[in-house]
Amino acid sequence: MKCVLANDHGAVELAKRILTHLEERGIEVKYLGVAEEISVDYPDKAKEASEEFFKGPYDFGILLCGTGIGISIAANKIKGIRCALLSDTYTAKMAKEHNNANMIALGGRVSYKEDPLKIIDSYLDASFLGGRHQRRIDKITALEN
Ligand code: RB5
């Protein structure tokens with residue numbers, strides 16, 4: 001598997017943890033930074049990561065900012081991106097099973113009740129269920145046009 005990972009200055013440490021974890025899982029990561037706490041604008045990172053994602057092939061993307069909110073809102077403005085803002089292992093599993101999210105977002109300044117790495121694993125270990133969920137995704141896609 002191959003993924004793209006990007007963050008703003010609000011999630012530098014989380015990005016490092018995720019990068020190591022993904023590599024330990026054997027996932028190839030295209031890391032777009034920022035690797036230091038230099039102030040950047042999260043819409044720019046969302047755009048950069050989405051453009052790279054479409055250059056691909058990539059299986060999924062991970063976007064991080066302080067809360068995960070801004071970068072997920074920005075990514076979801078880009079045609080073809082379905083970015084799920086995750087809060088726990090349950091929403092992570094659903095993001096794949098029901099929404100077939102091609103990007104997931106988390107916040108570097110958020111205190112999660114579960115380890116963010118476990119949240120990511122829950123998304124990675126789930127499979128899209130198709131069927132009625134595909135119909136609903138097709139309707140999301142139709143909203144883009
Ligand atoms: C940056 O200070 C912060 O606003 C950003 O990381 C994010 O939390 C926005 O949603």
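Residues numbered from 1 in each chain as written. Predicted model: local features only at pLDDT ≥ 70, side-chain atom pairs only at ≥ 80, totals over all residues. Heavy atoms only, no water.

## Describing the overall build of the protein chain
Here is the rule we go by: Numbering of helices and strands runs from the N terminus; a helix is a DSSP stretch of H or I covering at least four residues, while a strand is a stretch of E covering at least two. Every radius of gyration here is taken over C-alpha atoms, with the globule rule written as 2.2 Å times N^0.38, N being the number of residues. For each residue, the accessible area found with a 1.4 Å probe, counting protein chains only, is set against the maximum for its type, and the residue is called buried under 20%, exposed over 50%, and partly exposed in between. The contact definition used throughout considers only heavy atoms, calling two residues in contact when any of these lie within 4.5 Å. In this description, accessible areas are obtained by the Shrake-Rupley approach with a 1.4 Å probe, and a residue is regarded as covered only by the protein chains that are shown. Positive charges come from Lys and Arg alone, negative charges from Asp and Glu alone, with His and the N- and C-terminal ends not counted. The atom standing in for a charge is NZ when the residue is Lys, CZ when it is Arg, CG when it is Asp and CD when it is Glu.
Of the regular secondary structure elements, the protein chain holds six helices and five strands. For the protein chain, the sequential pattern of α-helices and β-strands runs β-α-β-α-β-α-β-α-β-α-α. Computed over its C-alpha atoms, the radius of gyration of the protein chain comes to 14 Å, within 12% of the 15 Å expected for a compact globule of 145 residues. The buried share among the 145 residues of the protein chain stands at 49%. Restricting the contact set of the protein chain to residue pairs at least 6 apart, pairs at least 24 apart contribute 71%. For the protein chain, the exposed area adds up to about 7,500 Å²; of that, 51% sits on carbon and sulfur atoms. For the protein chain, the distance from the average site of its 20 positive side-chain charges to the average site of its 21 negative ones is 7 Å.

## Considering the packing of aromatic side chains
Keep this limit in mind: Only Phe, Tyr and Trp rings are paired, with Trp represented by its six-membered ring, and only when their centres lie within 6.5 Å; those with planes under 30 degrees apart are stacked, over 60 edge-to-face, the remainder tilted. We call a charge positioned above a ring when the Lys NZ or Arg CZ atom is no farther than 6 Å from the ring centre and deviates by at most 35 degrees from the ring normal.
Enumeration over the complete set of coordinates arrives at two aromatic pairs. Geometrically, the ring pair formed by Phe60 and Tyr123 is edge-to-face, given 5.8 Å between the ring centres and 65° between the ring planes. Here the residue Phe60 occupies a position in strand S3 (residues 60-65), and Tyr123 occupies one in helix H5 (residues 116-125), the gap between them amounting to 63 residues. Directly above the ring of Tyr58 sits Lys2, whose terminal nitrogen or CZ lies 4.8 Å from the centroid. The ring of Tyr123 carries the charged tip of Lys96 above its face, separated from the ring centre by 4.4 Å.

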